[in-house]
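Structural characterization, general
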Amino acid sequence: MVGVKLFRTWSSPFALRAVWALKIKGIDYETIFEDLSNKSPSLLQYNPVYKKVPVLVHNGKPIAESLIILEYIDETWKHAPLLPEDPHERATARFWAKFGDDKVLTSIWSVFIKQGKEQEEAMVPALENLKFLEEELKGKKFFGGETIGFVDLALGWLGNLISILEEIVGLKVVDGEKFPLLSAWMQDFADAPIIKDNWPPRDRMIVKFQALRDATIAAAAAAAAAATSK
Amino acid sequence: MEKQSEVKLFGTWSSGYCTRKKLALKVKGIPYEYVEEDLSNKSDLLIHHNPVHKKVPVLVHNGKAIAESLVILEYIDEHWNHTPKLLPEDPYERAKVRFWANFYDQKFKPSIYNIMTSKGKEQEKAIEDSREVRKVFEEGIERDFPAKSPFLNGGPLGFLDIVVGSSACNFKAMNEAVGVVVDPEKNPAFCDWVTAMKDCPLMKETLPPHDRLVAKMRSKFSLHSAAT
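**Structural notes on the overall build of chain B**
Tallying secondary structure elements over chain B gives ten helices and four strands in all. Along its sequence from the N terminus, chain B presents helices and strands in the succession β-α-β-α-β-β-α-α-α-α-α-α-α-α. Against the globule reference of 17 Å for 228 residues, chain B gives a C-alpha radius of gyration of 18 Å, in line with a compact fold. With the C-alpha coordinates of chain B rotated into their principal frame, the extents come out at 50 × 45 × 30 Å. Looking at chain B alone, contacts between residues at least 24 apart form 72% of all its contacts between residues at least 6 apart.

So, in structure tokens, the structure goes:
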């Protein structure tokens, strides 16, 4: 099998990273949309360990895990580089990409799936993590400098998912006054060519994430009730 | 040639993540100054160099800090890009190594930690879960690296040897401290690899001293371990 295939879902923010990278590099590829409640045999064959999207398949060779996919794309098609050349700058970029996934995403998700006092408490680490990103943007338009780079793609989910989550919970997380640089970056990134043409439909996202929040809160309440009734 | 003081490694003697950096620097022949941190009383320098996580290991090279274990390893390979190389050259081979290094850190290590920090029925489940994870790992490594074992085939240590070996080689200490964590009879392939790595001279001289590690693990995990 020759060519590039990308297994994704319509909504996965992780898969969008690969979409953006391929489009920035001008690589032709075929999209296979997966229904995660009914995974295709191909997906299970190409990602037997995690059985998740995204998976990039290049000339029959599968690569899983979105940040690893980004590195593969950057190393295979060397024009329009996503990572800088200097080893220390590359290490810094990888650090912030990992920070985004390990800390920013998890802490914001925590705010999203909680309510009341628990949600207030979850806001504290979420805002602390965002402050680090705000600092990192000082003197820069994008995390990559003048142009979009590896870290921008890794953190890019902030560019549209934040406002969706904020709308659902009725809470402002990235306040323009507290986070002027981050707010400006989110706008610049979301409106950038290539990026703006590939966001999933907002109304569909709101329905999906509202349902996810409701289900998570219900499950947590059921678990708490079961624990106290023993 | 780098001056001794140009490369500093902040770490703790028992941390497998720190062992990784020592191994990588030694493989590349880079002299470095090692700074032992007391994590109950972190130095101002550590906090200055890693303000985000305030953790070890941190590599400081010419005054510039790099944190996060796998990020540091890639930096060492890229900055000192002479042979021996830690990562393979081909992008697809590199992707596979990165995948399994990530799997080891995100799935394998936590599954072991769960055994060490649970007891009774919970620990039995944790042992079973960990065995499953090890199976996935063994099968995956065999599938993705069919030509040769990535673990010490007479060549110098590579990225995955360093990532896995730095903590896997301590399983004997864990088995002694807490009770059987990795059973050679249940995971023979994995244990063979670990034994091969342990025989590597560089690994022998870099791993934390066995008895000291057993003592530390006993005191750290004694509250959780099941009665043996």
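**Thoughts on the sheet that holds strand β2 (residues 33-36) of chain B**
Residue and element names in this part refer to chain B. If you walk across this open sheet you meet the four strands as β2-β1-β3-β4, and the pairing is mixed. In this open sheet, the two strands that pair with only one neighbour each are β2 and β4 (64-67). Each neighbouring strand pair of the sheet contributes to a mean axis angle of 20°, computed without reference to strand direction. When strand β1 (residues 7-11) meets β2, the two strands line up parallel, connected through four bridges. Along β2, the bridge assignment pairs Gly-11 with Glu-36.

**Digging into the sheet that holds strand β3 (residues 55-58) of chain A**
Residues and elements named next belong to chain A. Taken in spatial order, the four strands line up as β2-β1-β3-β4 in an open sheet, and their pairing is mixed. This sheet does not close on itself; its edge strands, each paired only once, are β2 (30-33) and β4 (61-64). Strand-to-strand, the axes of this sheet are offset by a mean angle of 20°, without reference to chain direction. Sheet analysis places strand β1 (residues 4-8) next to β2, joined by four bridges and oriented parallel.

Scoring rules and cut-offs
- All residue numbers refer to position in the chain's written sequence, counted from 1.
- Note on labels: chains are lettered from A, ligands numbered from 1, in written order.
- Given that the model is predicted, a residue must reach a pLDDT of at least 70 before its local features are reported, and side-chain atom pairs must reach 80 or more before they are shown or counted; all residues, however, enter totals for whole chains, interfaces and linings.
- Hydrogens and waters are ignored; side-chain quantities use all the structure's heavy atoms.
- Only DSSP runs of H or I reaching four residues or more are called helices, and only runs of E reaching two or more are called strands; each is numbered from the N terminus.
- Taken over C-alpha atoms, the radius of gyration is set against a globule rule of 2.2 Å times the number of residues to the power 0.38.
- Any two residues whose heavy atoms approach within 4.5 Å at even a single point are treated as in contact.
- The pairing criterion is simple: DSSP has to find at least two bridges between the two strands.
- To obtain each axis, a line is fitted to C-alpha atoms, and for helices this fit is confined to the stretch in contact; angles are then taken between N-to-C directions over 0 to 180 degrees.

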